[in-house]
Amino acid sequence: MGDTMSIEHCILPEHYRSLLNQKETQMAIKLVKDTFERKLADNLRLIRVSAPLFVEAASGLNDNLNGVERPVHFDVKETQTEAEIVHSLAKWKRLALKQYDFGPGEGLYTDMNAIRRDEDLDNLHSIYVDQWDWEKIILRPQRTLEQLEETVRLIVRSLKETDEVLCANVPQITPIIEEKVKFITAQELLDRYPSLTAKQREDAVTKEYGTVFIEQIGGQLSNGQPHDGRAPDYDDWKLNGDLLIWDAVLNRAMEISSMGIRVDEASMIDQLNKAGCPERSVLPFHRALLAGDLPLTMGGGIGQSRICMLLLHKAHIGEVQASLWPPIMRKLCHDNGIELL
């Protein structure tokens, strides 16, 4: 069954050939990552901090994603505890801002590596996840869509500046980033394309505008379904969204960031109840938030491999990161000019 799914989910662009060989690709990846990291830190006023690869299972710090994905876990001999490889650092970052004594308007970013063992593998999804995870402190009056959208524009500016540096140094590459962002809510998107699936709606609007930010993801829409799954205890579903860029190689929208203003006390309780998991409120992270011991923040994750894939005009994420792939996917890609690392 897994092999069949691998074939079904793999996009094979006709007559595809990478613009760079594997050695050139590695050099370009280094340039993209170094440049974007610097631009992001400058534009969002962030400083780099070290981050965990794993957290204690009982801490409630791991990202539950859609609530069904299994974390990789192991026991630790010295502490006699169970640990989990992180899915992301959505909750951990908020604790770190408090621990490191950050103030309003200040923020952190980190080089996050994760394993998502239950991911369905395709051109954009790998079990290995590498992101720039970032978080910054905001004041309560800044918990607005205006604040969210201004931050999105700064991230897109960072991406555009990185694209320009890459193209100036690698002549085979041409610029692709449209800096103007189309903002649209998940409900507006459904109203606009009522007969399409959520992913088809994303493709349609992103093909039209190039760069799109879909807002308010996680809550139930008028069709009775959320646009996409969101854990109830980090993003405020009314103040979050996904950043999408049109990928002409795959002829589809590519999500490069999921981000948002984080839950406060009221929105977390409301969302835990809507998600049917109010029992999470007794976990250490949740207790601290409800007690007012954590700062109000906004943050997100930005896919490192996806940005490299997009800017280098690659057809598969396996061309820019080393991961595990089903043998049939490797062969299928090789036969169609896609060389996985």
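We now turn to the structure provided with this report. Note that the coordinates shown come from a computational prediction; the quantities given were computed from them, not determined experimentally. (Residues numbered from 1 in each chain as written. Predicted model: local features only at pLDDT ≥ 70, side-chain atom pairs only at ≥ 80, totals over all residues. Heavy atoms only, no water.)

## Brief notes about the environment of Met 309
Next up, step 1: Within the secondary structure, Met 309 is located in helix H9 (residues 304-311).
Next up, step 2: With 10 residues separating them in the primary sequence, Met 309 and Gly 299 have C-alpha atoms 23 Å apart.
Next up, step 3: Ignoring sequence-local partners within four residues, the contact set of Met 309 consists of Asn 123, Leu 124, Asp 247, Leu 250, Met 254, Lys 314, Ala 315, His 316, Ile 317 and Val 320. (Helix = DSSP H or I, 4+ residues; strand = E, 2+ residues; numbered from the N terminus. Contact = heavy atoms within 4.5 Å.)

## Things to note about the packing of aromatic side chains
Next up, step 1: Evaluated as defined, the whole model comprises four aromatic pairs.
Next up, step 2: Taken together, a centroid distance of 5.5 Å and an interplanar angle of 85° make the contact between Phe 54 and Phe 74 edge-to-face. Of this pair, Phe 54 sits in strand S2 (residues 54-56) while Phe 74 sits in strand S3 (residues 73-76), and the two are 20 residues apart along the sequence.
Next up, step 3: Classification of Phe 74 as partly exposed rests on a relative accessible area of 29%.
Next up, step 4: For the pair Tyr 100 and Phe 102, a centre-to-centre distance of 6.5 Å together with 45° between the ring planes defines the contact as tilted.
Next up, step 5: Here Phe 102 falls in the buried class, since its relative accessible area comes to 14%. (Phe/Tyr/Trp six-rings, centres within 6.5 Å; stacked < 30°, edge-to-face > 60°. Buried < 20%, exposed > 50% of the residue type's maximum accessible area, 1.4 Å probe, protein only.)

## Concerning the pairing of strand S8 (residues 211-215)
Next up, step 1: By the criterion of burial, S8 is predominantly enclosed, with five of the five residues buried.
Next up, step 2: Burial of S8 is two-sided: the residues Thr 211, Phe 213 and Glu 215 facing one way and the residues Val 212 and Ile 214 facing the other way are all buried.
Next up, step 3: One ladder, built from four bridges, connects strand S7 (residues 182-185) with S8; its direction is parallel. Among the inter-strand pairings, Phe 183 is bridged to a residue of S8, identified as Phe 213.
Next up, step 4: In this structure, S8 lies alongside strand S9 (residues 235-247), joined through five bridges in antiparallel fashion. Of the residues in S9, the one forming a bridge with Phe 213 is Leu 243. (Pairing = 2+ DSSP bridges.)

## A closer look at the nonpolar core
Grouped burial of nonpolar side chains is what soluble globular proteins tend to show.
Next up, step 1: By size, the foremost hydrophobic cluster in this structure holds 56 residues, and its most contacted members are Trp 134 and Ile 307.
Next up, step 2: Looking at which element gives the most residues to this core, the answer is helix H4 (residues 145-169), with eight residues.
Next up, step 3: Membership of the second largest hydrophobic core comes to 22 residues, among which are Val 55, Leu 89, Leu 97 and Phe 285. (Core = buried A, V, L, I, M, F, W, Y, C linked by side-chain atoms within 4.5 Å.)

## Brief notes about the sheet that holds strand S4 (residues 81-85)
Next up, step 1: The antiparallel open sheet is built from three strands, whose spatial order is S2-S4-S3. Both outer strands of the open sheet, S2 and S3, are each paired with one neighbouring strand and no more. Across the sheet, the mean angle separating the axes of adjacent strands is 35° when strand polarity is ignored.
Next up, step 2: Pairing analysis gives four bridges linking S3 to S4, with the strands arranged antiparallel. The partner of Phe 74 across the bridge, within S4, is Ala 83. (Axes fitted to C-alpha atoms, helices over the stretch in contact; angles between N-to-C directions.)

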